[in-house]
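The chain contents come next:
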There are 2 protein chains.
Amino acid sequence: MTEPSSAPMTRIQQKNRDRILEGALTAFSANGFRGATIDQIARAAGLSKPNVLYYFASKDEIHKTLLTTLLEMWLDPLRRLDPKGDPLSEVLAYIRAKLMMSRDFPRESRLFAYEILQGAPHLTEVLGGGLRQIVDDSAAILAGWMEQGRLRRVDPHHLIFSIWALTQHYADFDAQIRAVLGTSRDPLAEAETFAEDLYRRLLAP
Amino acid sequence: MTEPSSAPMTRIQQKNRDRILEGALTAFSANGFRGATIDQIARAAGLSKPNVLYYFASKDEIHKTLLTTLLEMWLDPLRRLDPKGDPLSEVLAYIRAKLMMSRDFPRESRLFAYEILQGAPHLTEVLGGGLRQIVDDSAAILAGWMEQGRLRRVDPHHLIFSIWALTQHYADFDAQIRAVLGTSRDPLAEAETFAEDLYRRLLAP
DNA sequence: CCTGATCCTGACCGTTTGGTCAATATTCCG
DNA sequence: CGGAATATTGACCAAACGGTCAGGATCAGG
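Only a predicted model underlies this, so the values are computations on that prediction, with no experimental measurement involved. (Residues numbered from 1 in each chain as written. Chains lettered and ligands numbered in written order. Predicted model: local features only at pLDDT ≥ 70, side-chain atom pairs only at ≥ 80, totals over all residues. Heavy atoms only, no water.)

### Observations regarding the protein's contact with DNA strand C
The local shell around DNA strand C holds 19 residues, among which Thr10, Gln13, Asn16 and Tyr55 of chain A together with Lys59 of chain B are the closest. Restricting attention to atoms of DNA strand C within 4 Å of the protein, one finds that 61% of them are sugar or phosphate atoms. The side chain of Asn51 of chain A places a nitrogen or oxygen atom 3.3 Å from a sugar or linking oxygen of DNA strand C. Elements that contribute at least two residues to the surface near DNA strand C include exactly α1 (11–35) and α3 (49–55) of chain A together with α3 (49–55) of chain B. (Near = heavy atom within 4 Å. Polar contact = N/O pair within 3.5 Å; in protein donor to acceptor, adjacent residues only side chain to side chain. Helix = DSSP H or I, 4+ residues; strand = E, 2+ residues; numbered from the N terminus.)

### Looking at the environment of Ile116 of chain B
Inspection of the secondary structure assignment puts Ile116 of chain B in helix α6 (residues 106–117). Those residues in contact with Ile116 of chain B, other than ones at most four positions away along the chain, are Asp172, Phe173, Ala175 and Gln176 of chain A. (Contact = heavy atoms within 4.5 Å.)

### Focus: the side chain of Glu115 of chain B
Residue and element names in this part refer to chain B. Mapped onto the elements of the fold, Glu115 is located in helix α6. Among buried Asp, Glu, Lys and Arg side chains, Glu115 stands out as unpaired, with Lys64 the closest opposite charge at 8.9 Å. Within polar-contact distance, the side chain of Glu115 engages the backbone nitrogen of His122 at 2.6 Å. (Buried < 20%, exposed > 50% of the residue type's maximum accessible area, 1.4 Å probe, protein only. Lys, Arg positive; Asp, Glu negative; His and termini not counted. Salt bridge = Lys/Arg side-chain N within 4 Å of Asp/Glu carboxyl O.)

### Observations regarding the relation of the copies chain B and chain A
Here chain B sits on chain A after a turn of 180 degrees about the axis and a move of 0.0 Å along it, with an RMSD of 0.1 Å. Classification of the inter-copy transformation places it as that of a two-fold axis. Across chain B, the rotation axis passes nearest the C-alpha of Ala165 of chain B, at a separation of 2.6 Å. In this assembly the copies share their binding face: 98% of the residues contributing to the interface of chain B also contribute to that of chain A. (Least-squares fit on C-alpha atoms with pLDDT ≥ 70 in both.)

### Observations concerning helix α8 (residues 156–172) of chain B
Residues separated by three or four positions in an α-helix point in the same direction, a consequence of the helix having 3.6 residues per turn. All names here are of chain B. Along its 17 residues, α8 runs 24 Å from first to last C-alpha, staying within 8% of the 24 Å computed at 1.5 Å per residue. With 17 of 17 residues buried, α8 is to be regarded as a mostly interior element. Capping the start of α8 is the job of one residue whose side-chain oxygen sits 2.9 Å from the backbone nitrogen of His157: Asp155. (Expected span 1.5 Å × (residues − 1).)

### Some remarks on the interface of chain B and chain A
With 52 residues of chain B at the interface, the matching set in chain A holds 51 residues. Carbon and sulfur atoms supply 65% of the area that chain B and chain A bury against each other, a total of about 4,800 Å² over both sides. The largest per-residue losses of area from chain B upon contact with chain A belong to Leu117, His158 and Val180 of chain B, which jointly make up 15% of the total buried on that side. Applying the counting rule to chain B against chain A returns four salt bridges. Inspection of the region where chain B meets chain A yields 13 residue pairs in polar contact (both at pLDDT 80 or more). Among the elements of the structure, α1 (11–35), α6, α7 (124–147), α8, α9 (174–181) and α10 (187–203) of chain B are those that each provide at least two residues to the side of chain B that touches chain A. Looking at the side of chain B that touches chain A element by element, the count peaks at 11 residues for α8 of chain B. By residue class, the composition of the side of chain B that touches chain A is 28 nonpolar, 12 polar and 12 charged. (Buried area = accessible area lost by both parts, 1.4 Å probe. Nonpolar A, V, L, I, M, F, W, Y, C, P; charged D, E, K, R; others polar.)

### Let's talk about the protein's contact with DNA strand D
Near DNA strand D, the surroundings consist of 19 residues, among which Lys59 of chain A together with Thr10, Asn16, Ser48 and Tyr55 of chain B are the closest. Looking at DNA strand D alone, sugar and phosphate atoms form 59% of those within 4 Å of the protein. One of the side-chain nitrogen or oxygen atoms of Lys49 of chain A is found 3.0 Å away from a base nitrogen of DNA strand D. Within the residue set of the surface near DNA strand D, elements represented by two or more residues are α3 of chain A together with α1 and α3 of chain B. Looking at the surface near DNA strand D residue by residue, the class counts come to eight nonpolar, seven polar and four charged.

What follows is the structure, given as structure tokens:
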């Protein structure tokens, strides 16, 4: 616990904590938790190592803060599924949003990828709690649409998994995709038309 | 270079190198390259640390050996795409094979996941060379089927990417999937029916 | 301008880790 | 059996790393 509740948080604190988290995101997403060093983070943040540890008690705490802060943003598009909207448009909008996040926030995607690959040691409570709730809720919305015959019947959970898998793949495995596709193509633009076709086919009633 | 070409390779060498690679696979796939220690590998292999380094010059070499050894096996199912076979059956068989690999060889999947997340520092030549060739060849087979009207037209490269993404997701993000789905379900069995439905829909002409 | 709180750093510490080496044990084979 | 090749290990080393700390710089506000 560093700033539990009633923290005034000066401008300097605000600025430096932000810088540190920004640098840490770069470092952790490039090398994983163990691969990143506090020195790296400090350099990326433009601070000295002891100064970094002045704002965060430990490397672990930086990591945990980063994960919990970003998880909200990361799951936000799924929360936006509107039960009142047009089912297919809603799903396709979700997919587009996730693909844009892979393009605009690949570091965040990789950060979570590393964490989950490792067995999610810092996220177990969140995974079994909040995440599961959100996914179950969204799955229920999807299932509702399917029952009304407005979407084809498929397993809603696996539908969500498949969207995660496909969209995040373009951020997490970027190195592989670029190696295979060469430099002249725009993977994410192509991915969007591919994914739209894929899920339209799958879900159109 | 440890055993470049004319290596007699005694039984003890064979056995211990195998043990080391086996232990290293467990260690690397659980914690990534930097997260795994030679001591861990040695313990998993039932050897002492110096003894491990007697068989492999460095941690790096163990890792590289592991990657190059397993890459062949990893890509094998894609090579089995038979241009003379029934297109849809061929693709579905490939998907099933990949899903079985996620079930039976999750460590291998995670090993590659870590490596590519990191930007594939040990695989750059292979990715741009052999892998690209195999993918392009397979994409050509798929494109051929599409031109004959035996498969629906989609981008063959992204088709392959999507299959990789979906199938490997179940191994790499196992922690997340189990957290969301709970313990009473069998993710990979369900994934098989989901994936078959998905790609049948997408590809049936 | 003074003073207390906040901010920052160089020097340092203990541990972990990749890797070495000399010495010993074991195996192989004539 | 005997000696050379192979295998194994405890002890050790240097570098990297996470983290501490005492002291100095800077800032806010009365």
